Amino acid sequence: MSSENVENVDIVIIGAGFSGMYALHRLRNHNVVCLEAGEGVGGTWYWNRYPGARVDIESVEYSYSFDEELQQEWSWPEYFSAQPDLERYANHVADRFNLRERIRFSNPVKSMRFNQDENLWHVYTAQGNHLVCRYVIAATGSLTAPNMPPWPGREAFKGDIYHTARWPAEGVDFSGKRVGFIGTGSTGIQAMPIIAEQAEELYVFQRTPAFCMPSGNRPLDEEYERDWKDNYQERRRQMLDTYGASLIKQPEFSAHECTAEQREDILEQAWKSQSAFQLILAFSDVMTDPEVNEMVCEFARNKIRSIVKDPEVAELLCPTSYPIGGKRLCIGNGYFEMYNRGNVTLVDVKKAPIIEFTETGLRTEAAQYDLDIIITATGFDAVTGAMERIDIEGCNNRKLVEKWADGPTTYLGAMVSGFPNLFMIHGPSTPAAQAQMITSGEWQVNWTADIIDNMEQEGLSRIDVTEEAEQSWAQEVNMVSEQTLHKLADSWYNAKNIEGKKGGMMIYVGGFPRFSELCEAAIADGYKGFTRE
Ligand code: NA7
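Every chain is numbered independently, its residues counted from 1 as its sequence is written. Thresholds applied to this predicted model are a pLDDT of at least 70 for local features of residues and 80 or more for the giving and counting of side-chain atom pairs; totals over whole chains, interfaces and linings are not thresholded and use all residues.

To continue, consider the overall build of the chain. Strands are runs of DSSP state E lasting at least 2 residues, helices are runs of H or I lasting at least 4, and numbering of each runs from the N terminus. When helices and strands are counted, the chain shows 16 helices and 22 strands. We compute the radius of gyration over the C-alpha atoms and compare it with the globule rule, which gives 2.2 Å times the number of residues raised to the power 0.38. Here the chain has a C-alpha radius of gyration of 23 Å; the compact-globule value for 533 residues is 24 Å, and the two agree. Its C-alpha atoms put the chain at 70 × 60 × 45 Å along the principal axes. Looking at the chain as a whole, 47% of its 533 residues are labelled buried. In the chain, of all internal contacts separated by at least 6 residues, the share reaching a separation of at least 24 is 71%. Residues with at least 20 other C-beta atoms within 10 Å of their own are called buried, those with 12 or fewer are called exposed, and the rest are partly exposed. The C-beta atoms themselves are positioned from the backbone. By definition, residues are in contact whenever their C-beta atoms, placed on the basis of the backbone, come within 7 Å of each other.

Right under this line is the structure:
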């Protein structure tokens, strides 16, 4: 690339999702550019536009806190916002804070190389841009890189194949169609009941059944909204003191302190709470005591048995192989009820796995299914996928994929040893998915921006972390995960959702307050674990 095509900036932010947008705003006093793969802002809420896409955290919480006027003027129509409202909000923020002028859309980063003599990153994009900058902030998202199923024959299929995370903006018409749907995680559970209402037939290919509780979504009550707006500052502060950066009702007592009748009562209230996650928050020990967890599992299974009329189908929908909450509890709207429709068929692909796409549909080890449309809601190469799909080269020509070959290593989830001046937001071993993503993302952006500002004030040009620091963080991550039941479920939390993926626990389950305290303590302790020059 010739030198006249090189653009020099202070900071490159990768991704114009909620964290990247806030980073752009927070660091606006620097010469900063944001590179975004999509045509619009919103990240997760730009890409995941499948029918029924909705957040499972209340939007009064799942929104920015950095600007009081913004939180006073914005109104959410529902408790749990649908994708179009979240995307509208992202666009509003981009316009209101003049972010667009610094975002380069449809311009994914292809590769990055650190020049250790200059202490500069060279960033190359798909559109052929070459940017040179001191710092890179990768706000690439935890659930960005879609996991495409591995079966052969994709090109042979005569109908259409969609992944829910790459849904066409114009939507899909299912009327009169035979639809095959693969994946019964949070995404599948939201999308399928809507598709079943339109499609001629819906075949659900289920490998592992999911625990799911009713979302309880409803129009946002005006008084409730007013109360939040009157108390936003205090509530946002309180949120940061909770495990999940959310004021969701926390359990106060152990299940062992209750009689069997009291337990049933509490679980029934949790089921009807209209507040996502209350089933796993019914008692203080659901995620730590296998016996208590099993009680909650059986309560949830009995709900499935009471909703689904065909006992064989009901039994196949009952999860038995992992603890409830071990992977993310799904929040549904008519999901189990959907199986009472005449046009929905449940196919067990644990027993007889899918082996190929064919010209007319899908073949499992047991049968051929003729279909017009195939939808894969098969999740993501989560946490590390977005970073590993960029060719990143740090010091001594070391590639990030090589460094992470046995699983990601980070210090505080923010930096990787040998990759100086590169910060991640919601990187591996942060409380992603365990702590409300917008609020915890804002916190991480502020922490990172303070570090960069401090570097500038002190006239420093290079910051890295030590391998010892990475090892001590790995010990902390493992220690806290040993105390919970998350390790007993195969999911994207522990890299077991994708065959052959290595890495163990991908997220930090020690809670947001402990995470943020450790991050702050490292800086207060003279940048412990970092090297700066
Ligand atoms: P998830 O939760 O990872 O779910 C993916 C689903 O796809 C899950 O049911 C998987 O079954 C299934 N899957 C994946 N690969 C296959 C193959 N090869 N064959 C059959 N079935 C397969 O992704 P989501 O998009 O639903 O949700 C991601 C997050 O978004 C969620 O945690 C929330 O935070 C929001 P498996 O369970 O692996 O047997």
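Now that the structure has been shown, the text picks up again.
Here the focus is the environment of D160. Mapped onto the fold, D160 is located in strand β9 (residues 160-163). By C-beta crowding, D160 is classed as partly exposed, having 14 other C-beta atoms within 10 Å. Along the chain, D160 and A474 lie 314 residues apart, while their C-alpha atoms are 43 Å from each other.

At least two DSSP bridges between two strands are needed for those strands to be called paired. With respect to topology, 5 strands assemble into an open sheet ordered β9-β18-β10-β11-β14, the strand pairing being parallel. The strands lining the two open edges of the sheet, one partner per strand, are β9 and β14 (344-348). On average, each strand axis in the sheet is tilted by 20° relative to the strand beside it, whichever way the strands run. In the sheet, β9 pairs with strand β18 (residues 373-376) via 4 bridges, with the strands oriented parallel. Paired with H163 across the bridge in β18 is T376. Every axis in this analysis is a line fitted to C-alpha atoms, fitted for helices over the stretch in contact. Angles between the N-to-C directions lie between 0 and 180 degrees.

Let's shift gears to the site of the ligand. What makes a residue near a molecule or strand is its C-beta atom, placed from the backbone, lying within 6 Å of it. With respect to spatial proximity, 20 residues lie near the ligand, and among them G183, G185, T187, T208 and G379 are the closest. Polarity classes work like this: nonpolar for Ala, Val, Leu, Ile, Met, Phe, Trp, Tyr, Cys and Pro, charged for Asp, Glu, Lys and Arg, and polar for all others, with Gly in that last group. Looking at side-chain class alone, the shell around the ligand contains 8 nonpolar, 10 polar and 2 charged residues. Here the shell around the ligand gathers at least three residues from each of two domains, domain 1 (3-145 + 382-532) and domain 2 (154-376). A domain assignment, automatic or from a database, supplies the domain bounds used here.

On to the domain arrangement of the chain. What the domain assignment lists for the chain is domain 1 (3-145 + 382-532) and domain 2 (154-376). Sorting the residues of the side of domain 1 that touches domain 2 by element identifies α3 (68-73), α14 (437-457) and α16 (512-524) as the ones contributing at least two each.

Taken in spatial order, the 5 strands line up as β1-β7-β6-β5-β19 in an open sheet, and their pairing is mixed. The strands lining the two open edges of the sheet, one partner per strand, are β1 (6-8) and β19 (391-393). Recorded for the sheet is a direction-independent mean angle of 20° between the axes of neighbouring strands.

Further remarks concern the packing of helix α1 (residues 18-26) against α14. Put simply, α1 and α14 touch, their axes get as near as 9 Å, and they point 35° apart. Like other packed secondary-structure pairs, α1 and α14 cross with a definite hand, here right-handed. Residues F18, S19, Y22, A23 and R26 of α1 touch α14, and the partners they reach there are I438, G441, E442, V445, N446 and A449. Crossing handedness: left-handed means the near helix sits turned counterclockwise from the far one by under a right angle, and right-handed means the same turn made clockwise.

A separate point is unusual backbone geometry. At A433, a residue that is not glycine, the phi angle is positive and equals roughly 70°. Mapped onto the elements, A433 comes out in the loop between β20 (422-424) and α14. Residue classification places A433 among the buried positions, given that 22 C-beta atoms sit within 10 Å. The phi dihedral of A495 is positive, around 70°, even though this residue is not glycine. Along the chain, A495 turns up in the loop between α15 (467-482) and α16.

A few words on the environment of S275. Here S275 shows up in the loop between α8 (260-271) and α9 (290-307). With 17 C-beta atoms counted inside 10 Å, the residue S275 sits in the partly exposed group. Distance in space between the C-alpha atoms of S275 and N497 is 27 Å, their sequence separation being 222 residues. In this structure S275 touches G216, I248 and K249, once residues within four positions along its chain are discounted.

Relative to strand β6 (residues 120-125), strand β5 (residues 109-115) runs antiparallel, the two being bridged by 6 bridges. Within β6, the position partnered with V109 by the bridge is T125. Counting the residues in the hairpin turn of β5 and β6 gives 4 residues, including N119, whose phi is positive at 55°. As defined by bridge partners, β5 adjoins β19 across 3 bridges and the pair is classed as parallel. Opposite S111, over in β19, you have D391 as the bridge partner.

Looking at the element boundaries, R178 is found in strand β10 (residues 178-182). The spacing of R178 and I374 is 196 residues in sequence and 8.7 Å in space, taken between C-alpha atoms. Those residues in contact with R178 that sit more than four places away from it in its chain are E200, E201, D370, L371 and D372.

The next subject is the confidence of the model for the chain. Confidence of the predictor at the level of single residues is given by pLDDT, which spans 0 to 100. Residues at a pLDDT of 70 or more form 99% of the chain, whose mean pLDDT is 96. Here the predicted complex scores 0.96 on pTM and 0.99 on ipTM.

Let us look at the nonpolar core. A set of buried residues qualifies as a nonpolar core if it consists of Ala, Val, Leu, Ile, Met, Phe, Trp, Tyr and Cys joined through C-beta atoms within 7 Å. V12, I13, M21, V136 and I137 are the most contacted members of the largest nonpolar core, which totals 89 residues. Mapping this core onto the domain boundaries places at least three of its residues in each of domain 1 (3-145 + 382-532) and domain 2 (154-376). Among all residues touching V136, those that are not within four sequence positions of it are V12, I14, M112, W121, V123, N421 and L422. Core analysis: the second largest hydrophobic core is formed by 61 residues, A53, I182, V204 and I324 among them.

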